[in-house]
Amino acid sequence: TSSTTFMVWLNCNQELGAAYGVKNPATLQSLYAVGAGIAVLLTARLIKAGLKESTVLILYPTIAVVMLALCYFVQTPVILFIGSFVIGYAAAGGVLQLATSTTISFFPSHKGTATSLVMIASSIANYAVLSAAAGLTKAFGDAAPRMIILLNIVITIVGIGLALVVKTQEKHVLAVSQVH
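Residues numbered from 1 in each chain as written. Predicted model: local features only at pLDDT ≥ 70, side-chain atom pairs only at ≥ 80, totals over all residues. Heavy atoms only, no water.

Caption draft 1: Here's a closer look at empty space enclosed by the protein. Scanning all chains against the criterion turns up one cavity of 30 Å³ or more. As a volume, the largest cavity reaches approximately 60 Å³. Here the element with the most residues in the lining of the largest cavity is helix 1 (residues 2-19); it accounts for five residues. Within the lining of the largest cavity, the residues separate by chemical class into eight nonpolar, two polar and no charged. (1 Å grid on protein atoms, 1.4 Å probe; cavity = no way out; pocket = protein on both sides within 12 Å on 5 of 7 lines; lining within 4 Å. Points joined across faces, edges and corners; volume = space filled by probe spheres on them. Helix = DSSP H or I, 4+ residues; strand = E, 2+ residues; numbered from the N terminus. Nonpolar A, V, L, I, M, F, W, Y, C, P; charged D, E, K, R; others polar.)

Caption draft 2: Representation of the packing of helix 3 (residues 53-73) against helix 5 (residues 95-106) in the model. Where helix 3 contacts helix 5, the two axes come as close as 9 Å, and the packing angle between them is 140 degrees. Compared by their axis directions, helix 3 and helix 5 come out oblique. For the crossing formed where helix 3 meets helix 5, the hand is left-handed. Touching Glu 53, Ser 54, Val 56, Leu 57 and Tyr 60 of helix 3 are Val 95, Leu 98, Ala 99, Ser 101 and Thr 102, all from helix 5. In terms of residue class, the contact of helix 3 with helix 5 is made up of six nonpolar, three polar and one charged. (Axes fitted to C-alpha atoms, helices over the stretch in contact; angles between N-to-C directions. Parallel < 35°, antiparallel > 145°, perpendicular 65-115°, else oblique. Left-handed = near helix turned anticlockwise from the far one by under 90°. Contact = heavy atoms within 4.5 Å.)

Caption draft 3: Helix 2 (residues 26-48), seen in detail. Over its 23 residues, helix 2 extends 34 Å from the first C-alpha to the last, a length consistent with the 33 Å expected when each residue adds 1.5 Å. For helix 2, every residue scored as buried is listed here: Leu 28, Tyr 32, Gly 35, Ala 36, Ala 39 and Thr 43. Positive phi appears at Gly 50, one or two residues downstream of helix 2, with a value of about 120 degrees. (Expected span 1.5 Å × (residues − 1). Buried < 20%, exposed > 50% of the residue type's maximum accessible area, 1.4 Å probe, protein only.)

Caption draft 4: Seen up close, the environment of Gln 169. As for its position among the elements, Gln 169 is in helix 7 (residues 144-179). With 63 residues separating them in the primary sequence, Gln 169 and Phe 106 have C-alpha atoms 9.1 Å apart.

Caption draft 5: Expanded view of the nonpolar core. Trp 9, Cys 71, Leu 80, Ile 87 and Ile 149 are the most contacted members of the largest nonpolar core, which has 35 residues in total. Mapped onto this core, the elements with two or more residues apiece are helix 1, helix 2, helix 3, helix 4 (77-92), helix 5 and helix 7. Here this core takes 10 residues from helix 3, the largest share from any one element. Apart from residues lying up to four places away in sequence, Ile 149 is in contact with Leu 16, Tyr 20, Leu 68, Cys 71 and Tyr 72. If you look at the next biggest cluster of nonpolar residues, it comprises seven residues, including Val 8, Val 129, Leu 136 and Ile 148. (Core = buried A, V, L, I, M, F, W, Y, C linked by side-chain atoms within 4.5 Å.)

Caption draft 6: Local environment of the packing of helix 5 against helix 6 (residues 111-140). Orientation of helix 5 relative to helix 6, taken along the N-to-C sense of each, is 140 degrees, at an axis distance of 9 Å. Here helix 5 runs over helix 6; the crossing is right-handed. Contacts from Leu 96, Thr 100, Thr 103 and Ile 104 in helix 5 reach Lys 111, Ala 114, Thr 115, Val 118, Met 119 and Ser 122 in helix 6. Of the residues that constitute the contact of helix 5 with helix 6, the class distribution is five nonpolar, four polar and one charged.

Caption draft 7: The packing of aromatic side chains, seen in detail. Counted by the stated rule, this structure contains two aromatic pairs. Pairing Tyr 60 with Tyr 89 gives two aromatic rings, centres 5.1 Å apart and planes at 55 degrees, and the pair type is tilted. Taken together, the residues span a long stretch of sequence, with Tyr 60 in helix 3 and Tyr 89 in helix 4 at a distance of 29 residues. Judged by relative accessible area, which is 2%, Tyr 60 ranks as buried. Owing to a relative accessible area of 14%, Tyr 89 belongs among the buried residues under this scheme. Aromatic pair Tyr 72 and Phe 73: ring centres 5.0 Å apart, planes at 90 degrees, arrangement edge-to-face. A relative accessible area of 64% places Phe 73 in the exposed class. (Phe/Tyr/Trp six-rings, centres within 6.5 Å; stacked < 30°, edge-to-face > 60°.)

Next up, the structure:
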């Protein structure tokens with residue numbers, strides 16, 4: 001889910017921009033890229049300062065859901081400019097890498113396998129969600145960009161739920177390791 005949130009936005013935001021009256025929808029991509037770049041740098045500093053990776057895996061997708069909902073309900077170019085930056089930050093700014101590193105921490109003796117499985121899951125999810133977005137475009141025509149936002153919200157909420165499970169497991173593993 002971490003990669004599908006940004007993959008759907010990245011592949012569908014220009015159509016949404018055109019639907020909302022953005023004169024140059026390509027500008028949305030630039031704002032998205034700036035947000036992602038800032039997130040990588042800032043998140044690295046925050047983690048070095050002690051913020052848990054699993055906390056980021058809950059926090060950033062939550063920010064993305066809020067922004068996606070705003071983009072759904074507030075149909076203006078300004079919200080898409082803000083949304084592109086925020087979604088770049090909260091969805092593309094290293095969340096997949098943090099998901100990978102968190103997975104590796106659960107399976108330290110199988111780092112390669114854990115990394116491979118996360119990347120395979122990401123690839124399958126990207127294919128599936130982009131196929132679903134194409135299906136929505138075919139079924140809903142001009143209304144499809146907003147329907148795709150709803151799809152993206154659902155996927156991101158699922159990701160938050162999974163991150164909460166990981167956070168719970170992380171606490172359990174930490175508690176067990178402290179007993180030993």
